[in-house]
Amino acid sequence: ASATSKAHLNYESVTLDGLDHLVSQSPGELKVIQYLDTKASRETVILEAVGGSYTEFGRIASSSGVQTVLGWPGHERQWRGINEIIDEREDDVRQVYQSASPQVVNKILRRYNVTYVIVGRKERAKYGKPPLERFDSILEPVFTSNVNDKITIYRLRG
């Protein structure tokens, strides 16, 4: 690097914290990750939007270390060499976010032992406005952050 480019670096803002960028880019997601850091156990499974490899999809699971039903289908296919199971999981995630049936949603969430369902910007952009808030018989909101954009964590009852 030239002397000019080095002069523009702000060494005071350099950090080894891999989540530091979320403070300004997506503080709501950071709050969700922090919530899961305090509440999740080794058995906890979350459901969040499924998306392409090397994108922001799956960030809650990868940043918190909590299991998810599916994050990056292409990545799973690449390393596992299977399609049927990945396709089924991707469709199940879509159904949870789009189904109008609490029975269908409950059945899918229990199949994968899901503890928490995440509803934020990525989920609404990919699946539309999920009807999950109507499912208070099976889901309860346990955390909401209105910082930047609204993101809610629902917990499966029982």
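See the structure printed just above.
What counts and what doesn't
Residues numbered from 1 in each chain as written. Predicted model: local features only at pLDDT ≥ 70, side-chain atom pairs only at ≥ 80, totals over all residues. Heavy atoms only, no water. Phe/Tyr/Trp six-rings, centres within 6.5 Å; stacked < 30°, edge-to-face > 60°. Helix = DSSP H or I, 4+ residues; strand = E, 2+ residues; numbered from the N terminus. Buried < 20%, exposed > 50% of the residue type's maximum accessible area, 1.4 Å probe, protein only. 1 Å grid on protein atoms, 1.4 Å probe; cavity = no way out; pocket = protein on both sides within 12 Å on 5 of 7 lines; lining within 4 Å. Points joined across faces, edges and corners; volume = space filled by probe spheres on them. Nonpolar A, V, L, I, M, F, W, Y, C, P; charged D, E, K, R; others polar. Contact = heavy atoms within 4.5 Å. Pairing = 2+ DSSP bridges. Axes fitted to C-alpha atoms, helices over the stretch in contact; angles between N-to-C directions. Parallel < 35°, antiparallel > 145°, perpendicular 65-115°, else oblique. Left-handed = near helix turned anticlockwise from the far one by under 90°.

A. Representation of the packing of aromatic side chains in the model. The final tally for this structure, using the stated rule, is three aromatic pairs. Measuring from ring centre to ring centre gives 6.2 Å for Tyr35 and Tyr116, while their planes differ by 80°; the resulting arrangement is edge-to-face. Of this pair, Tyr35 sits in helix H3 (residues 27-39) while Tyr116 is found in strand S3 (residues 116-119), placing the two residues 81 residues apart along the sequence. Accessibility expressed as a relative area gives 12% for Tyr35, which makes it buried. Classification of Tyr116 by relative accessible area gives buried; the value is 5%. Aromatic side chains Tyr97 and Tyr127 sit 4.9 Å apart centroid to centroid with 10° between the ring planes, which places their arrangement in the stacked category. Here the residue Tyr97 occupies a position in helix H6 (residues 84-98), and Tyr127 occupies one in helix H8 (residues 121-127), the gap between them amounting to 30 residues. Note on accessibility: Tyr97 and Tyr127 belong to one class, buried. Of the aromatic side chains, those joined through ring pairs into one cluster are Tyr35, Tyr116 and Phe143.

B. Structural context of empty space enclosed by the protein. What the rule picks out here adds up to one cavity of 30 Å³ or more. Of the voids in this model, the largest cavity is the one considered here, and its volume is about 40 Å³. Counting residues per element, the ones that place at least two in the lining of the largest cavity are helix H4 (59-64) and H8. Take the lining of the largest cavity: its biggest share by element is three residues, from H8. Here the residues of the lining of the largest cavity are counted per class, giving two nonpolar, one polar and six charged.

C. How the structure looks around the environment of Leu47. With respect to the secondary-structure elements, Leu47 resides in strand S1 (residues 45-47). Residue classification places Leu47 among the buried residues on the basis of a relative accessible area of 1%. Separated by 23 residues in the primary sequence, Leu47 and Leu70 place their C-alpha atoms 7.7 Å from one another. In contact with Leu47, other than residues within four places in its own chain, are Thr68, Val69, Val93, Val96, Tyr97, Leu109, Val114, Tyr116, Val117 and Ile118.

D. Spotlight on the sheet that holds strand S4 (residues 139-145). A sheet is described by the order of its strands in space; here five strands give the open sequence S2-S1-S3-S5-S4, paired in mixed fashion. Each end of this open sheet is capped by a strand with a single partner; those strands are strand S2 (67-68) and S4. The pairing of S1 with S2 spans two bridges and is parallel. Paired with Val45 across the strands is Gln67, a residue of S2. Against the sheet, helix H7 (residues 102-111) engages S1, S3, S4 and strand S5 (151-156), with an angle of about 80° to S5.

E. The arrangement of the packing of H6 against H7 in detail. In the contact formed by H6 and H7, the axes pass within 9 Å of each other and the chain directions differ by 135°. It follows from the interaxial angle that H6 and H7 lie oblique. Classified by chirality, the crossing of H7 by H6 is left-handed. For the pair H6 and H7, the contacting residues are Glu88, Asp92, Gln95 and Val96 in the first and Val104, Val105, Ile108, Leu109 and Arg111 in the second. Taken together, the residues that form the contact of H6 with H7 break down as five nonpolar, one polar and three charged.

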